[in-house]
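Take a look at the letters that make up each chain.
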Protein chains: 2
Amino acid sequence: MEKSESTKIDVVETNKEKKGKAPLLGTAAPAIAAAVAHDGHAKGGAKRGIAIFDLILRLAAFASALGATVAMATTEETLPFFTQFFQFEASYDDLPTFTFFVVGMGIVVAYLVLSVPFSIVCIVRPHAVVPRLLLIIFDTVIIALATGAAGSSAAIVYLAHNGNQDANWLAICQQFGDFCQRASGAVVASFVTVVLLILMVVLSASALRRH
Amino acid sequence: MEKSESTKIDVVETNKEKKGKAPLLGTAAPAIAAAVAHDGHAKGGAKRGIAIFDLILRLAAFASALGATVAMATTEETLPFFTQFFQFEASYDDLPTFTFFVVGMGIVVAYLVLSVPFSIVCIVRPHAVVPRLLLIIFDTVIIALATGAAGSSAAIVYLAHNGNQDANWLAICQQFGDFCQRASGAVVASFVTVVLLILMVVLSASALRRH
């Protein structure tokens, strides 16, 4: 029941992403081609193309960040049999790092939603400098937040999979296989978000270049 | 013996930083003041001031990244008494995450050294766009690397301090107090590096703005 519900959310969210992409890609492709072809002149067109591409990346990053947050937040598993552990249920809030992941990626999702208007302003006014500069600065801060959440959870997921003999920490994924799968998926999605955010900063910086 | 050696390294490195800072600060202070005072005109001076400040931040980031790497790489502790563990020695390479930390922060240190010439080019030629753009792009990537290393090690250090009852992972800092102290210090230094890197990107982006 729990599982089918989260699958539904994922599907809906992927549809949304496609809806957002479909009409935009049509305008973005020629704009980007123009950006590559004309370097010196037609600067407004090139900047607009970059801004449109930035918006597409932003929506994709929003989708992957939302997916990561939802996947991690709905991760729980109840075991149907006895083990050597006292509790028979694993949930994300058993591990403080995963709680930080959910909170951190939630902030990233909220930021990405709030930043869409700025991205649209950059499309409408390709020569505006202030919104682009704000995007670069806050994107950089959000990169640090997202990478911190992704990296710390990756360390814990690795530990859950492999354990550590020297510290006497046992792997828990033998018992909680489903839990580990979901958490690993969320971590991968958060790293995808980080890569998209880095691309966005690189694009915005190169758009800022030409005046 | 091991401890006194590493202390020596820290001291030498702090001196180096001071040496790098002392002559620069003298030129930087008026340049930054000029940057604040004249907004519209004297753009070259403002940009040069930002470039000098960028170099100072870069040297500080280099110092903290080097400190973090050396502190973590030399972290080991041998216990003088028996415990319930089989091994009586803790070293950074017992935990894969700490190995990643040392490698990752080592790359950050190497990058910061290699980026100094580009920062100097920005001081000499304040209107040059390409080196500044390259700095923004690679700084952003390095932010992700440094934050990933810092975040993942922070998660493990937290676990070592507090343990996790739900996963049956015991805190190891009662046994290896010195080891945990050093590792925590290294993590804090790496977060300082991240903050300095973010400041550098913000500065470079704002310098790119005015043409």
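Rules used in this analysis
Residues numbered from 1 in each chain as written. Chains lettered and ligands numbered in written order. Predicted model: local features only at pLDDT ≥ 70, side-chain atom pairs only at ≥ 80, totals over all residues. Heavy atoms only, no water. UniProt positions renumbered as here; feature names shortened; annotations may be inferred. Helix = DSSP H or I, 4+ residues; strand = E, 2+ residues; numbered from the N terminus. Contact = heavy atoms within 4.5 Å. Disulfide = S-S within 2.5 Å. Salt bridge = Lys/Arg side-chain N within 4 Å of Asp/Glu carboxyl O. Buried < 20%, exposed > 50% of the residue type's maximum accessible area, 1.4 Å probe, protein only. Phe/Tyr/Trp six-rings, centres within 6.5 Å; stacked < 30°, edge-to-face > 60°. Core = buried A, V, L, I, M, F, W, Y, C linked by side-chain atoms within 4.5 Å. Least-squares fit on C-alpha atoms with pLDDT ≥ 70 in both. Expected span 1.5 Å × (residues − 1). Buried area = accessible area lost by both parts, 1.4 Å probe.

By the naming in an unreviewed UniProt entry, chain A is CASP-like protein, taken from Solanum bulbocastanum. The heading Subunit (unreviewed entry) in the UniProt record of chain A holds the text "Homodimer and heterodimers." Taken verbatim from the UniProt record of chain A, the Sequence similarities (unreviewed entry) comment is "Belongs to the Casparian strip membrane proteins (CASP) family."

Participant: Can you help me understand the environment of Tyr92 of chain A in this one?
Facilitator: Residues and elements named next belong to chain A. In this structure, Tyr92 sits in the loop between strand S2 (89-91) and helix H3 (96-124). In this structure, the C-alpha to C-alpha distance between Tyr92 and Ile142, residues 50 residues apart in sequence, is 22 Å. When sequence neighbours within four positions are dropped, the list of residues in contact with Tyr92 reads Met72, Ala73, Thr75, Phe98, Thr99, Val102 and Phe179.

Participant: I'm lost on the state of the cysteines in this one. Help?
Facilitator: As used here, a disulfide is simply a covalent bond connecting the sulfur atoms of two cysteines. Residues and elements named next belong to chain A. In total, this model carries 2 disulfides over all chains according to the counting rule given. Between Cys173 and Cys180 runs a disulfide, and the two sulfur atoms are separated by 1.9 Å. Measuring handedness by torsion sign, the sulfur bridge of Cys173 and Cys180 sits at about -90° and is left-handed.

Participant: Just to check I follow, could you spell out the pattern of salt bridges for this structure?
Facilitator: When the charged atoms of two side chains with opposite charge come close together, those side chains can pair. Applying the stated criterion to the full structure yields 4 salt bridges over all chains. Linking Asp139 of chain B and Arg58 of chain B is a salt bridge whose minimum nitrogen-to-oxygen distance equals 3.1 Å. Separated by 81 residues along the polypeptide, Asp139 of chain B in helix H4 (residues 130-162) and Arg58 of chain B in helix H2 (residues 43-73) bring together distant segments of the chain. For the pair Asp139 of chain B and Arg58 of chain B, a shared accessibility class is recorded, and that class is buried. What emerges from the salt-bridge pattern is a single network uniting Asp54, Arg58 and Asp139 of chain A.

Participant: Would you mind showing me how to read the packing of aromatic side chains here?
Facilitator: Both the distance between ring centres and the angle between the ring planes are used here to describe each pair of aromatic rings. Residues and elements named next belong to chain A. The final tally for this structure, using the stated rule, is 2 aromatic pairs over all chains. For the ring pair Phe98 and Phe179, a centre distance of 6.1 Å and an interplane angle of 50° mean the geometry is tilted. Taken together, the residues span a long stretch of sequence, with Phe98 in helix H3 and Phe179 in helix H5 (residues 177-209) at a distance of 81 residues. Residue Phe98 is classed as buried on the basis of its relative accessible area, which comes to 2%.

Participant: Can you help me understand the nonpolar core in this one?
Facilitator: The nonpolar side chains of soluble globular proteins are, as a tendency, buried together. Counting residues in hydrophobic clusters, the biggest one holds 122 residues, and the most contacted among them are Trp169 of chain A together with Phe98 and Trp169 of chain B. When contributions to this core are tallied by element, the ones reaching two or more residues are helix H2 (43-73), H3, helix H4 (130-162) and H5 of chain A together with H2, helix H3 (96-124), H4 and helix H5 (177-209) of chain B. Not counting residues within four places of it along the chain, the set of residues in contact with Phe98 of chain B comprises Met72, Tyr92, Ser153, Ile156, Val157, Phe179 and Ala183 of chain B.

Participant: Quick question: what am I supposed to make of the environment of Gln174 of chain B here?
Facilitator: Tracing the backbone through its elements, the reader meets Gln174 of chain B in the loop between H4 and H5. In sequence terms Gln174 of chain B and Ala189 of chain B are 15 residues apart; their C-alpha atoms lie 23 Å from each other.

Participant: Before we go on, may I ask you to explain the relation of the copies chain B and chain A in this structure?
Facilitator: Relating one copy of the chain to the other takes a rotation about an axis and a shift parallel to that axis. You can overlay chain B on chain A at an RMSD of 0.0 Å; the transform is a turn of 180° with a shift of 0.0 Å along its axis. What we have between these two chains is a two-fold relation. For chain B, the minimum C-alpha distance to the rotation axis belongs to Ser152 of chain B and amounts to 1.9 Å. An overlap of 100% is found between the interface residues of chain B and their copies at the interface of chain A, pointing to a shared contact surface.

Participant: I'm lost on H4 of chain B in this one. Help?
Facilitator: Side chains of residues three or four places apart in an α-helix project in the same direction, reflecting 3.6 residues per turn. Its 33 residues place the ends of H4 of chain B 47 Å apart at the C-alpha level, agreeing with the 48 Å of an ideal helix rising 1.5 Å per residue. Looking one or two residues past H4 of chain B, Gly163 of chain B carries a phi angle of roughly 65°, positive in sign.

Participant: What is the right way to read the interface of chain B and chain A from this model?
Facilitator: Interfaces are often sized by the amount of accessible area the parts lose when they come together. Listed per partner, the contact involves 39 residues of chain B and 39 residues of chain A. Carbon and sulfur atoms make up 76% of the area that chain B and chain A hide from each other, which totals about 3,400 Å². In terms of surface lost to chain A, no three residues of chain B exceed Asp166, Trp169 and Arg209 of chain B, which account for 19% of the buried area on that side. Counting the contacts that link chain B with chain A gives 0 salt bridges.

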